[in-house]
Each structure stands twice: as structure tokens, then as C-alpha cells.
Amino acid sequence: MAETVEARALKIAAKVMQAAGLCRYDTVEKCRRGYVDDTTCDQCIREWLLSKAKKELAKEGKKK
């Protein structure tokens, strides 16, 4: 299955953020996941970015 440009961009952004040590939490201790590694962080960041984008789009939709 071919990826959309947006899906690929999301993957790249999550990998860059994870490699840079960026996280939605201040410390690893605040993370709700029991086991933290590169794969779980990458997926978590991806989900976080998607939820933020959905909220922003919904907010913009209400303004119009």
C-alpha cells in the first residue's frame, strides 16, 4: 500500500523528534508507558502529532 505524502511526513517528523530527544513529557518518569524504547517513543510521538493536528483542524473549522 502506498503512503500518502502526509503520512510519510508524519513518520519523518516523529523520527526526527524522537532522535532529538523531544517528548510530550518533561521526563521519562512521567511517561505512562511501562517500557520506553525508540519504537514506542516514535509511535507515541506520531499519535501525539496526529491528535494535535486534529484538534487544530477542528478549532479552525469552528472559526469559519
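To be clear, the structure that these remarks concern was listed above.
A brief look at the structure comes next. (Residues numbered from 1 in each chain as written. Predicted model: local features only at pLDDT ≥ 70, side-chain atom pairs only at ≥ 80, totals over all residues. Heavy atoms only, no water.)

**What about the packing of helix α1 (residues 5-19) against helix α2 (residues 38-63)?**
At a closest axis distance of 9 Å, the pairing of α1 and α2 adopts a crossing angle of 125°. Put simply, α1 runs oblique to α2. Of the two elements, α1 crosses α2, and the hand of that crossing is right-handed. Across from Leu10, Lys11, Ala13, Ala14, Lys15, Met17 and Gln18 in α1, the residues of α2 making contact are Asp38, Cys41, Asp42, Ile45, Arg46, Trp48, Leu49 and Leu50. Tallied by class, residues from the contact of α1 with α2 come to 9 nonpolar, 1 polar and 5 charged. (Axes fitted to C-alpha atoms, helices over the stretch in contact; angles between N-to-C directions. Helix = DSSP H or I, 4+ residues; strand = E, 2+ residues; numbered from the N terminus. Parallel < 35°, antiparallel > 145°, perpendicular 65-115°, else oblique. Left-handed = near helix turned anticlockwise from the far one by under 90°. Contact = heavy atoms within 4.5 Å. Nonpolar A, V, L, I, M, F, W, Y, C, P; charged D, E, K, R; others polar.)

**A few points about the environment of Lys54**
Tracing the backbone through its elements, the reader meets Lys54 in helix α2. Residues Lys54 and Val36, 18 residues apart in the sequence, show an inter-C-alpha distance of 25 Å.

**Things to note about the pattern of salt bridges**
Summed over the entire model, instances satisfying the criterion amount to 3 salt bridges. Put simply, Arg46 and Asp42 hold a salt bridge, and the shortest N to O gap is 2.6 Å. Remark: Asp42 and Arg46 occur in helix α2; sequence separation between them is 4 residues, near one turn of the helix. Where Lys59 meets Glu56, a salt bridge forms, and the shortest distance between an N and an O atom there is 3.9 Å. Of this pair, Lys59 and Glu56 are both found in helix α2, 3 residues apart, which corresponds to roughly one turn of the helix. (Salt bridge = Lys/Arg side-chain N within 4 Å of Asp/Glu carboxyl O.)

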